[in-house]
Amino acid sequence: MPTVFNWQLGREMSYPYEGGHPKRQFAFVFNLNRCIGCQTCTMACKSTWTFSKGQEFMWWNNVETKPYGGYPQWWDVKILKLLEEANGEPQRWDVAQRDEKKPYGVYQGNTIFEAAEKHIGPEPQRVLGYLPSDEEWRAPNIYEDNSTGYEGGKLGLSKEGASLPEHKTWFFYLARICNHCSYPACLAACPRQAIYKRPEDGIVLIDQQRCRGYRKCVAACPYKKAMYRPSTRVSEKCIACYPRIEGKDPESGGRPMETRCMAACIGQIRLQGLVKMNPDGTWAEDRYNPIYYLVKVAKVALPLYPQLGTAPNGFYMPPRWVPRRYLAQMFGPGADEAITKYLTPDRELVAVLQLFRKTNRIIFRYAIEEGPKVYETERNGKPFTLYNDTIIGYGEDGTELIRTQVEEPVHVRPAQHLNSI
Ligand code: SF4
Ligand code: SF4
């Protein structure tokens, strides 16, 4: 099998095809500290792309309640178990080797591609995976808001009710779409070569004419974001709202727009962009691209289960209240550093966080104009100063898209009468 460089693992890895990378890559950052599980993103996607016959159980965007929820049910528990069995141990990283090219150190285990190479069985596998049962696809947010486990009935609901142990409970919402991976497992597994990655933006698509519905992509995608449609007998997946990325949405004025799920986000957790790529699949330096800044400079946004090896292009700011061991399993060894930085953000990070959901056009560059000091305090034992800086987001052609401030203006309306609202 050829080898490719996976910067998220800090090493070369086996992949069924030679590495080929787009000029720029569709990527996004979700701040999980802010998601309120309202599912507006889920419905924005569903009402745009998956409202037809045969797509009833198809949720290209879903938001699941962790740790117990999942769509399809147990998707991450199952693939982690398979990988750990293949590796003979939980994930292991050599963090001492961390540097600019290997921001999380070097992953020591096998990926889902390498584990499949070692698989012994009647059928050769290109990717370690499994096909979920129909029942597992039944609900996009099963165990919604469940913060503790108990013996459940058929639907996972307790017949006796459950009491929650105080102060020991936690949960969070994990919003998910296809990661438009740099080394897609869906693409690697397809015997028809029906899946391709677009050279202009790295969006991963399934050619509906070539697909014969073998469901190898459904079994291979570790994130379970390739889905089978029984009415057409072919597979479908998130298309990253590519007409919007291309600036073809009637509303766009010809400018690249963020996807429907990003633009609809009530909690303002989402920021999407296009990052410049080097020919080896690493990110080209683009210091003032907000996605580049959050992932590569501030290092507050991390890939989801990087140990799987697909080099996902969705990055998450981990929820600060969740046990660190759980976060390390989910986001790799960068979780501690990301939370420390988020809890006491520096001046630039505070400003960049204001860009989330201030425009539905894609921001390619930002600039900060310094403003006055607002106050000084101490946060988590460290000095913290808040400045009312102005942050400006620019489009691809350098046009100013958005200008906002750290301190939101407060408008006090004059009272009309005693009960005036
Ligand atoms: S998340 Fe799954 S469906 Fe999407 S590109 Fe990666 S492997 Fe393919
Ligand atoms: S719209 Fe935003 S806040 Fe609401 S569930 Fe989706 S990601 Fe979370």
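Note that the structure is predicted; figures quoted are calculated from it, not measured.

Side note on the overall build of the chain
- Broken down by element type, the chain carries 11 helices and 19 strands.
- Overall size of the chain, expressed as C-alpha extent along the three principal axes, is 75 × 60 × 50 Å.
- Buried positions account for 43% of the 421 residues belonging to the chain.
- Within the chain, residue pairs in contact and separated by at least 24 positions form 63% of the contacts whose partners lie at least 6 positions apart.

Description of the site of ligand 2
- Surveying the vicinity of ligand 2 reveals 16 residues, the closest of which are Cys35, Cys38, Cys41, Cys265 and Gly267.
- Mapped by element, the contributors of at least two residues to the shell around ligand 2 are α1 (40-49) and β7 (172-176).
- Tallied by class, the residues present in the shell around ligand 2 amount to 11 nonpolar, four polar and one charged.

Concerning the site of ligand 1
- The local shell around ligand 1 holds 14 residues, among which Cys178, Cys181, Pro184, Cys186 and Cys221 are the closest.
- Partitioning the shell around ligand 1 into residue classes produces nine nonpolar, three polar and two charged.

Describing unusual backbone geometry
- Residue Pro67 follows Lys66 across a cis peptide bond; omega there is 20 degrees.
- Here Pro67 is to be found in the loop between β4 (62-66) and α2 (75-87).
- Despite not being glycine, His180 has its phi angle at roughly 40 degrees, a positive value.
- Tracing the backbone through its elements, the reader meets His180 in the loop between β7 and α4 (185-189).
- For Arg215, which is not glycine, the phi dihedral falls at a positive 65 degrees.
- With respect to the helices and strands, the residue Arg215 is situated in the loop between β9 (204-206) and α5 (216-220).
- According to the C-beta neighbour criterion, Arg215 is partly exposed, with 17 such atoms within 10 Å.

Thoughts on the sheet that holds strand β18 (residues 390-394)
- Strand order in the open sheet made by the three strands is β15-β18-β19, with antiparallel pairing throughout. Of all the strands in the sheet, the pair left with one neighbour each is β15 (365-369) and β19 (400-405). Within this sheet the neighbouring strands show an average axis-to-axis angle of 20 degrees, counted without direction.
- With five bridges joining them, β18 and β19 adopt antiparallel strand pairing. Across the sheet, residue Thr390 finds its bridge partner in β19, namely Gln405.

So, helix α8 (residues 290-297)
- The buried count for α8 comes to seven of eight residues, which makes it a mostly enclosed element.
- Along α8, the residues that are buried comprise Pro290, Ile291, Tyr292, Tyr293, Leu294, Val295 and Lys296.
- Here the buried face of α8 lies against β3 (24-31), β12 (270-276), β14 (314-317), α11 (347-353) and β15.
- Phi turns positive, to about 55 degrees, at Lys299, one or two residues after α8.

What about the sheet that holds strand β13 (residues 302-303)?
- As summarised here, the arrangement of the four strands in space is β12-β3-β14-β13, forming an open sheet in which the pairing is mixed. The sheet terminates laterally at β12 and β13, the two strands that pair on one side only.
- The sheet contact formed by β3 and β14 spans four bridges and is parallel. Counted as the bridge partner of Val29 is Phe315 from β14.
- Strands β3, β12 and β14 of the sheet are contacted by α8, whose axis makes an angle of about 90 degrees with β12.

Here's the deal with the domain arrangement of the chain
- Along its sequence, the chain is carved into domain 1 (3-154 + 170-342) and domain 2 (347-405).
- Across the boundary between the two partners, domain 1 contributes 22 residues, which contact 15 residues of domain 2.
- Looking at the side of domain 1 that touches domain 2, the elements that each hand over two or more residues are β12 and α8.
- When residues of the side of domain 1 that touches domain 2 are assigned to their parent elements, the largest contribution, five residues, is made by β12.
- In terms of residue class, the side of domain 1 that touches domain 2 is built from 13 nonpolar, five polar and four charged.

With respect to the pairing of β7
- Counting buried positions over the five residues of β7 gives five, a clear majority of the element.
- Alternating residues of β7 divide into Phe172, Leu174 and Arg176 and Tyr173 and Ala175, and every residue in both groups is buried.
- One ladder, built from five bridges, connects β4 with β7; its direction is antiparallel. Looking at β7, one finds that Glu64 is bridged to Leu174.

What counts and how
- Residues numbered from 1 in each chain as written.
- Chains lettered and ligands numbered in written order.
- Predicted model: local features only at pLDDT ≥ 70, side-chain atom pairs only at ≥ 80, totals over all residues.
- Helix = DSSP H or I, 4+ residues; strand = E, 2+ residues; numbered from the N terminus.
- Buried ≥ 20, exposed ≤ 12 C-beta atoms within 10 Å, placed from the backbone.
- Contact = placed C-beta atoms within 7 Å.
- Near = placed C-beta within 6 Å.
- Nonpolar A, V, L, I, M, F, W, Y, C, P; charged D, E, K, R; others polar.
- Pairing = 2+ DSSP bridges.
- Axes fitted to C-alpha atoms, helices over the stretch in contact; angles between N-to-C directions.
- Domains from an automatic or database assignment.

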